Amino acid sequence: MYPNLEGKVVVITGAGTGLGRAMAERFGAEKAKVVINYFKEDEDVQSIIETIEKAGGSGSAIQGDVTKEEDIKRMIAHAVNTFGSLDIMVNNAGIENEVPSEDLTLEDWNKVISTNLTGQFLGCREAIDYMLENKIKGSIINMSSVHQEIPWPHFVHYAASKGGVKLMTETLALEFAPHGIRVNCIAPGAIDTPINAEKFDDPELKKGVVELIPMGYIGKPEEIAACAVWLASSEASYVTGLTLFADGGMTQYPGFQAGKG
Ligand code: NAI
């Protein structure tokens, strides 16, 4: 646990499901004040707020689309109006879809880039603007992926977006380090969330993914949430521009494991 997160105000985008939800609940367990941005009306945000409140934190939900500048501005304003500040911004919302690159439409390309990269940029920009104006030495966490590093055929738009997140994170870290604003990203491997539901429901496809993970299992959302609270806490006070890989070793060339190669 990280006592200095108590009372800190956190905005998490795409927090109605998956990793965003797990992070919202973990920040709640740290007794933070959590703004849960959700996207689709059927996402059960009420139960997230209940879990957070039961753990001693506070939660408030706001619908919004990260591709829309005015929605990101509304999320930050909601944090300030409801909880009085903004200390931590987690740009998590993201999408993917599989298409051979020769068939990828401009519409699909733009949709993924505007959600995964432009949406994260808008979240960074608005949070940094608020932190500068209010002299807050805040923390920003962007959700990248092992595919900021590992090429991914049929997901060129996704891989390009996450490669962009990496250099965006590093550039902003450099630019705002003098102000004490830390900007880092987390790069998960394969984690059990709705984004992978279809793949993991198929035992053959799931087996194929597990074979790429030296630790031999699909990660749990809580294992990513644990990275987020550490990065946001004062325990990581000297850490900026980092990509924290949480991937069971997926980026360590698993093909060379156990005498192969
Ligand atoms: P998920 O599908 O459960 O979560 C994505 C969330 O983003 C959903 O709640 C969705 O409603 C929301 N969202 C989509 N478009 C949005 C928009 N325009 N505005 C606001 N919210 C929007 O999947 P998961 O796994 O929790 O994904 C979270 C992040 O983690 C994504 O950025 C994803 O790329 C990244 N990631 C996930 C991995 C995994 O294996 N689950 C691996 C590497 C990265």
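Above this text sits the structure in question.
Residues numbered from 1 in each chain as written. Predicted model: local features only at pLDDT ≥ 70, side-chain atom pairs only at ≥ 80, totals over all residues. Heavy atoms only, no water.

Some remarks on a negative patch on the surface
Step number 1: Taken together, the side chains of E198, D201, D202 and E204 make up a negatively charged region of the molecular surface.
Step number 2: Note on E198: relative accessible area 74%, which makes it exposed. (Patch = residues over 30% accessible without salt bridge, like charges linked within 9 Å, V, L, I, M, F, W, Y side chains within 5 Å. Areas by Shrake-Rupley, 256 points an atom, 1.4 Å probe, with all protein chains shown as cover. Salt bridge = Lys/Arg side-chain N within 4 Å of Asp/Glu carboxyl O. Lys, Arg positive; Asp, Glu negative; His and termini not counted. Charge placed at Lys NZ, Arg CZ, Asp CG, Glu CD. Buried < 20%, exposed > 50% of the residue type's maximum accessible area, 1.4 Å probe, protein only.)

Concerning the site of the ligand
Step number 1: Around the ligand sit 28 residues, and of these T17, L19, E43, Y158 and T193 come closest.
Step number 2: For the ligand, an oxygen atom lies 3.2 Å from a polar atom in the backbone of G189.
Step number 3: Secondary-structure elements contributing two or more residues to the shell around the ligand are α1 (18-29) and α5 (156-176).
Step number 4: Here the shell around the ligand is built from residues that sort into 12 nonpolar, 13 polar and 3 charged. (Near = heavy atom within 4 Å. Polar contact = N/O pair within 3.5 Å; in protein donor to acceptor, adjacent residues only side chain to side chain. Helix = DSSP H or I, 4+ residues; strand = E, 2+ residues; numbered from the N terminus. Nonpolar A, V, L, I, M, F, W, Y, C, P; charged D, E, K, R; others polar.)

Digging into unusual backbone geometry
Step number 1: For K135, which is not glycine, the phi torsion reads 50 degrees and is therefore positive.
Step number 2: Here K135 is to be found in the loop between α4 (106-133) and β5 (139-143).
Step number 3: Phi is positive for Y253, close to 55 degrees, though the residue is something other than glycine.
Step number 4: Using a relative accessible area of 63% as the deciding quantity, one classes Y253 as exposed.

Here's the deal with the nonpolar core
Step number 1: I12, M23, F27, V34, I36, V90 and I186 are the most contacted members of the largest nonpolar core, which has 34 residues in total.
Step number 2: Secondary-structure elements contributing two or more residues to this core are β1 (9-12), α1, β2 (33-38), α2 (45-54), β4 (88-91), β5 and α8 (221-232).
Step number 3: It is α8 that provides the largest number of residues to this core, a total of 7 residues.
Step number 4: Discounting residues that sit within four places of it in the chain, I186 has contacts with I141, N142, M143, S144, S145, I224, C227, A228, L231 and L244. (Core = buried A, V, L, I, M, F, W, Y, C linked by side-chain atoms within 4.5 Å. Contact = heavy atoms within 4.5 Å.)

Comments concerning the pattern of salt bridges
Step number 1: All chains considered together, the criterion is met by 8 salt bridges.
Step number 2: Close ionic contact of E30 with R26 constitutes a salt bridge, the shortest N to O distance being 2.8 Å.
Step number 3: E30 gets classed as buried once you look at its relative accessible area, which sits at 4%.
Step number 4: Residue R74 pairs with D71 through a salt bridge whose shortest N-O separation is 3.4 Å.

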